[in-house]
Amino acid sequence: MNPNVRPDDMKRIVNFELANAFIDEQVAAIRAQVGDKKVLLALSGGVDSSVVAALLIKAIGKQLVCVHVNHGLMRKGESEQVIEVFGKTLDANLVYVDATDRFLDLLAGVSDPEKKRKIIGGEFIKVFDEEASKLEGISFLAQGTIYPDILESIKQAEGKKAVKSHHNVGGLPEEMAFELVEPIKLLFKDEVRVVGEALGLPHAMVYRQPFPGPGLGVRCLGAITRDRLHALREADAILREEFDNAGLAEKVWQYFIAVPDIKSVGVKDESRYEGWPAIIRAINTKDAMSATIEEIPYAVLHKITARITSEVEGINRVLYDLTPKPTGTIEWE
Ligand code: XMP
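Residues numbered from 1 in each chain as written. Predicted model: local features only at pLDDT ≥ 70, side-chain atom pairs only at ≥ 80, totals over all residues. Heavy atoms only, no water.

Enquirer: I would appreciate a short explanation of the overall build of the protein chain in the present structure.
Expert: Along the protein chain, the regular secondary structure elements total ten helices and eleven strands. Its C-alpha atoms give the protein chain a radius of gyration of 21 Å, near enough to 20 Å, the size a compact globule of 333 residues would have. Over its C-alpha atoms, taken along the principal directions, the protein chain stretches across nearly 70 × 45 × 40 Å. Classification of the 333 residues of the protein chain by burial places 49% in the buried group. Pairs at least 24 residues apart make up 78% of the contacts formed inside the protein chain by residues separated by at least 6 positions. Approximately 16,500 Å² of the protein chain is accessible, and the part contributed by carbon and sulfur atoms is 53%. Considering the protein chain, the positive charge centre built from 41 side chains and the negative charge centre built from 50 side chains are found 2 Å apart. (Helix = DSSP H or I, 4+ residues; strand = E, 2+ residues; numbered from the N terminus. Rg over C-alpha atoms; globule rule 2.2 N^0.38 Å. Buried < 20%, exposed > 50% of the residue type's maximum accessible area, 1.4 Å probe, protein only. Contact = heavy atoms within 4.5 Å. Areas by Shrake-Rupley, 256 points an atom, 1.4 Å probe, with all protein chains shown as cover. Lys, Arg positive; Asp, Glu negative; His and termini not counted. Charge placed at Lys NZ, Arg CZ, Asp CG, Glu CD.)

Enquirer: Mind showing me how you'd approach helix α7 (residues 189-198) here?
Expert: Residues that lie three or four places apart on an α-helix share one face, since the helix turns once every 3.6 residues. For α7, the set of buried residues is Glu191, Val192, Arg193, Val194, Val195 and Gly196. Lining the buried residues of α7 we find α1 (16-34), α2 (47-60) and α8 (203-206). Backbone geometry just downstream of α7 places Gly200 in the positive-phi region, at approximately 90°.

Enquirer: Quick question: what am I supposed to make of the nonpolar core here?
Expert: Buried together is how nonpolar side chains tend to be arranged in soluble globular proteins. The biggest cluster of nonpolar side chains holds 47 residues, and the ones touching the most others in it are Phe243, Ile257 and Ile308. Counting residues per element, this core draws most heavily on helix α9 (residues 226-245), which supplies seven residues. Residues Leu41, Phe86, Ile184 and Val206 belong to the second largest nonpolar core, which totals 39 residues. (Core = buried A, V, L, I, M, F, W, Y, C linked by side-chain atoms within 4.5 Å.)

Enquirer: Hey, could you run me through the side chain of Lys185 in this one?
Expert: With respect to the helices, strands and loops of the structure, Lys185 is situated in the loop between β5 (179-181) and α7. In this structure, Lys185 is buried with no salt-bridge partner, the nearest side chain bearing the opposite charge being Glu182 at 4.3 Å. Excluding its chain neighbours within four sequence positions, the residues that come into contact with Lys185 are Pro3, Asn4, Thr145, Ile146, Tyr147 and Ile150. (Salt bridge = Lys/Arg side-chain N within 4 Å of Asp/Glu carboxyl O.)

Enquirer: What exactly am I supposed to notice about α9 here?
Expert: Taking 1.5 Å of rise per residue, 20 residues should cover 28 Å, and α9 covers 29 Å from first to last C-alpha, within 8% of that figure. When α9 is considered as a whole, its buried residues turn out to be Arg228, Leu229, Ala231, Leu232, Arg233, Ala235, Asp236, Ala237, Ile238, Leu239, Glu242 and Phe243. On the buried face of α9, the contacting elements are α4 (100-107), β6 (254-258), β9 (276-284), α10 (298-311) and β11 (315-320). Gly247 occupies a position one or two residues after α9 and carries a positive phi of about 70°. (Expected span 1.5 Å × (residues − 1).)

Enquirer: I tried to follow the pattern of salt bridges on my own but got confused; where do I start?
Expert: Here the idea is simple: oppositely charged side chains can pair when their charged atoms come close. Applying the stated criterion to the full structure yields 25 salt bridges. Across the salt bridge formed by Glu241 and Arg307, the nearest N and O atoms sit 3.2 Å from each other. With Glu241 in helix α9 and Arg307 in helix α10, this residue pair connects regions lying 66 residues apart in the sequence. By relative accessible area, Glu241 is classed as partly exposed at 41%. Assessed through its relative accessible area of 16%, Arg307 is described here as buried. Residues participating in the shared-partner salt-bridge network are Glu241, Glu242, Lys303, Arg307 and Glu311.

Enquirer: Teacher, can you tell me more about the pairing of strand β1 (residues 38-42) here?
Expert: Walk down a regular strand and you will see the side chains alternate between the two sheet faces. Burial runs high along β1: four of the five residues are buried. Where β1 and strand β4 (residues 138-142) come together, four bridges link them in parallel fashion. Bridging across to β4, Lys38 finds its partner in Ile138. Both β1 and strand β2 (residues 64-70) contribute to a ladder of four bridges, which runs parallel. By the bridge assignment, Val39 is partnered in β2 with Leu64. (Pairing = 2+ DSSP bridges.)

Enquirer: When you look at the sheet that holds β1 in this model, what are you seeing that I'm missing?
Expert: Working definition: the strands of a sheet are paired by backbone hydrogen bonds and lie parallel or antiparallel to each other. As summarised here, the arrangement of the five strands in space is β3-β2-β1-β4-β5, forming an open sheet in which the pairing is parallel. Since the sheet does not close on itself, it has two edges, and those belong to β3 (93-98) and β5, each with one partner. In this sheet, adjacent strand axes meet at a mean angle of 30° when their direction is disregarded. Looking at chain direction, β4 and β5 are connected through three bridges and run parallel. Opposite Phe140, over in β5, you have Glu179 as the bridge partner. Contacting β2 and β3, helix α3 (residues 78-89) runs over the sheet at an angle of about 165° to β3. The strands touched by helix α5 (residues 113-134) are β1, β2, β3 and β4; relative to β2, the strand with the most contacts, the crossing angle is about 145°. (Axes fitted to C-alpha atoms, helices over the stretch in contact; angles between N-to-C directions.)

This is the structure in C-alpha cells:
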C-alpha cells in the first residue's frame, strides 16, 4: 500500500466522532514513529501547521519544538495569536523568532514579484535552518502536508506549467536529513478543519482563509517600504473586521487588501493629501485555479472605505477589484 495514496475506503471526516477517531489513531502512530525523540515543526499559524502542532502536542508534548518565524509580512495580530494559543494556552515548546528586519532589509528596493518570492522563501529557510541548528537532538521534522499538496506535486511531476512559483515558505534544504512526520497528509482541507476544532483550536484559527507563504510581501506591490506595508496591514485588518461584522468572513474564500506603489492626489482637512489606494480583492473559488468575484454589498463597501480612509495613515482612496481569474490571478503579484 502506498502511504501517499488515500485508501478508497477511508471515510471522509465530517464530524467530531470521526475526527476523534482519527486523532486517537494519529496520536498512537506518532508515538510509535517518534518514540522518545524530538520533532521540529515550522509553525506558521496557518490551519495545516497549527493542526499538526496540536496533534503532536497531544501525542508527545514537549518533545515537539515549534519554531515560528515572523518574517514581518504577517497579517495584523497573527504572530501574537500563535504565541497566545501555542506558547500560552497549549504550553508548547515554542521558539519565536522576529526576523522582520532581516527580511525587510533584503527586500528593500526589490520590485520584481518572483525575485521577492525567492528572497522571502530563501531567507525563511536560512532563518529556520539557523534556529534548527541551535537545537539539540532533533530527529524528525513535522510537516503540514495535506492531500491536495500531494495531488499537486503529482500534477507538477507530470509537467504542467506553473504561473507563479508558489513555493510554500517552510520548505527546507535537502541536506537537512530529518525523517518526516506528516500526520494529515491524507486529509482534505475541510477535514483538517474538523480535526482542528476537535483538538480545541480556536475557530478563527481553524477557519482562517488561505494566506500565501510570502504573506503581505506580495500584496505590498512593487518594492516594499515599511510605511506602505504598515498601511496595508492596518487596512487589511479593517477589511477583515468588517467582513466578520457583515457575516462575510466564512462565506468568501479569500479577501484581502493590496496596496500598489502609486500615489494619487486627494484632499483631507481642506488640504492636499497624496496617498496610496487600497485595493479590495474578494474572491470565491474551489481550487484557486479559477475564481469569481464576491458581490460585496455597497453598504459594506462604504463602511470599509470610510474606515480605511479615515483610520489608515497614507491611504486616500479605496478601489474594488472586479476581475475574475482569469484574467487576474487572485494575488496581484
Ligand atoms: P494566484 O495569485 O496564483 O493565487 O491566483 C492562487 C492561490 O495561491 C496563493 N498564492 C501563494 N501561496 N505562496 C503560497 O504559499 C505563494 O507564493 C503564493 N502566491 C499565491 C494565493 O493567495 C491564492 O490562494
